[in-house]
Amino acid sequence: MEPSVTKPKAFLCRRFTKNVETAMRARYDLRVNENDSILSPDQIIQNTQGCEILFASATERITDHVLRELAPTLRYVATLSVGYDHIHMAAAQDLDIGILHTPDVLSDACAEIAMMLMLNACRRGHEADSMVRSGSWTGWSPTQLLGTGLKGKRVLVFGMGRIGREIAVRARAFGMEIHYHNRRPLSPELAANATYHANLDDALKVADVLVIAVPGAPQLKGIINAQRLALLPERAVLVNISRGELVDDDALITALATGRLFAAGLDVFANEPDIDPRYRELDNVFLSPHLGSATQETRDAMGWLLINGLDALYQGTRPDNLLNN
Ligand code: DGY
C-alpha cells in the first residue's frame, strides 16, 4: 500500500484563476473563501486556524496580531502581489513565518497599465469615451478634446525597479526622454541611458509626466504632497500604479481641479475601494480599479510562482521569491 501523504492545510483568501486553484487543490488540503469577499483580520484568523499556508493578496491586512494568532501552525504566507506593504514583515521574521510574493512575472502587465493610464490621461480617454457613449458628440472639430502628446516629453519614473524599467522601455518607444529617481543609481546596463536624479525634488522639476512605480511602504505615505506637486512643470501629468497612500489626495485633487496639472491616471487609491469621491467629479482624471497585473496569463504566472516557491520550500530549497528567513 502507498504510504498516506498528508497534504498541508492551506487557506485561500481570494479566488485565484481556475488553473491555479486546480493545482492548489492537488497539493494542499485547501479551504477557500468561496464568495471572494475582502476579509478582515479577524476573519482571516478564524478561517486560517490550523493551516500551514495562508494565500493572501494586497486586499488582506496581515497584521502583527494575525501572524501571532496563527503562528502555532502557520509556516508560510504566500501573497498574490509583488507589493508586501500589507504584511507585518517584522512579526513574520520574529515568528519564523516565510513570506512569498510574485515579482518579475507581473512587470510587463503593470508597465502596460502605466502606459494605458499615461495615454488616457494625456489624450483625454475618459472624456472621449463619455462623449461618444452619451451621444453628445456632434462630429469632428479641429479643437475638440485637445490633449498633450508623449513624444519629446520627459517622463520621470519614480521607482526604477523591475516594473519601472519596463515602463521606461515602453515610454522610450513613444519618443519620451527617460528620467528616474531611486535611492541609488542603476548600473549603466540597467539604466539604459535614463537620466538619474538623486534628489526627488530636483527630479520633479523636469517631469512632464510623473509615473509613481516605487514599492509601497508606510514611510512613503503622502510623499507626493502639495509642495512636491508644485515642483512639477505647469500642466504636468501624474500616473500612479504603486499605492494610493503615496499621494496626498487633497493636494492632487486641488491641482487637477485648478488645472495646475493637466491630468492624472490612477490605478491605485487610498482606502480601496472607497476612493475619495471627488475623483469621480473630475474630467481630467482617468480612473482604473487596481488592474496592474490583471491579465489571465499574468495571474496564472503569479499563482504558479507561489506554488513553485512552496514546492521548493517543502523540498528544502530556498526559492527566489521568498522575502525573508
Ligand atoms: C501588487 O502586485 O502589489 C499589485 O498592486 C496587486 O496587489
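What you see is a predicted model; the values in this text were computed from it and never measured.

## Some points on the environment of P72
Reasoning step 1: Relative to the assigned elements, P72 resides in the loop between α3 (64-70) and β4 (76-79).
Reasoning step 2: The spacing of P72 and L150 is 78 residues in sequence and 54 Å in space, taken between C-alpha atoms.

## So, the environment of Q227
Reasoning step 1: Its location among the elements puts Q227 in helix α10 (residues 226-229).
Reasoning step 2: Distance in space between the C-alpha atoms of Q227 and D201 is 9.3 Å, their sequence separation being 26 residues.

## Topic: unusual backbone geometry
Reasoning step 1: Here E272 and P273 are connected by a cis peptide whose omega angle stands at 0°.
Reasoning step 2: Mapped onto the fold, P273 is located in the loop between β11 (261-266) and α12 (278-281).
Reasoning step 3: You will see that L145, though not glycine, has its phi angle at about 45°, which is positive.
Reasoning step 4: Mapped onto the elements of the fold, L145 is located in the loop between α6 (125-134) and β6 (154-158).
Reasoning step 5: Its identity as a non-glycine residue notwithstanding, N271 has a phi of 60°, on the positive side.
Reasoning step 6: When the 10 C-beta atoms within 10 Å are taken as the criterion, N271 is described as exposed.

## Focus on helix α13 (residues 296-314)
Reasoning step 1: Its 19 residues give α13 an end-to-end C-alpha distance of 27 Å, which sits within 8% of 27 Å, the value for a rise of 1.5 Å per residue.
Reasoning step 2: Among the residues of α13, those classed as buried are T298, R299, M302, G303, L305, L306, I307, G309 and L310.
Reasoning step 3: For α13, the secondary structure elements touched by its buried residues are α1 (18-27), β3 (53-56), β4, β5 (98-100) and α5 (107-122).
Reasoning step 4: Looking at the residues trailing α13, positive phi occurs at G316, about 90°.

## Here we look at the site of the ligand
Reasoning step 1: Contacts to the ligand come from S57, A58, S81, V82, G83, L106, G292 and S293.
Reasoning step 2: Of the residues assigned to the shell around the ligand, the class counts are three nonpolar, five polar and no charged.

How each quantity is defined
- Residues numbered from 1 in each chain as written.
- Predicted model: local features only at pLDDT ≥ 70, side-chain atom pairs only at ≥ 80, totals over all residues.
- Helix = DSSP H or I, 4+ residues; strand = E, 2+ residues; numbered from the N terminus.
- Buried ≥ 20, exposed ≤ 12 C-beta atoms within 10 Å, placed from the backbone.
- Expected span 1.5 Å × (residues − 1).
- Contact = placed C-beta atoms within 7 Å.
- Near = placed C-beta within 6 Å.
- Nonpolar A, V, L, I, M, F, W, Y, C, P; charged D, E, K, R; others polar.

Spatial relationships are all this shows, so hold off on functional conclusions.
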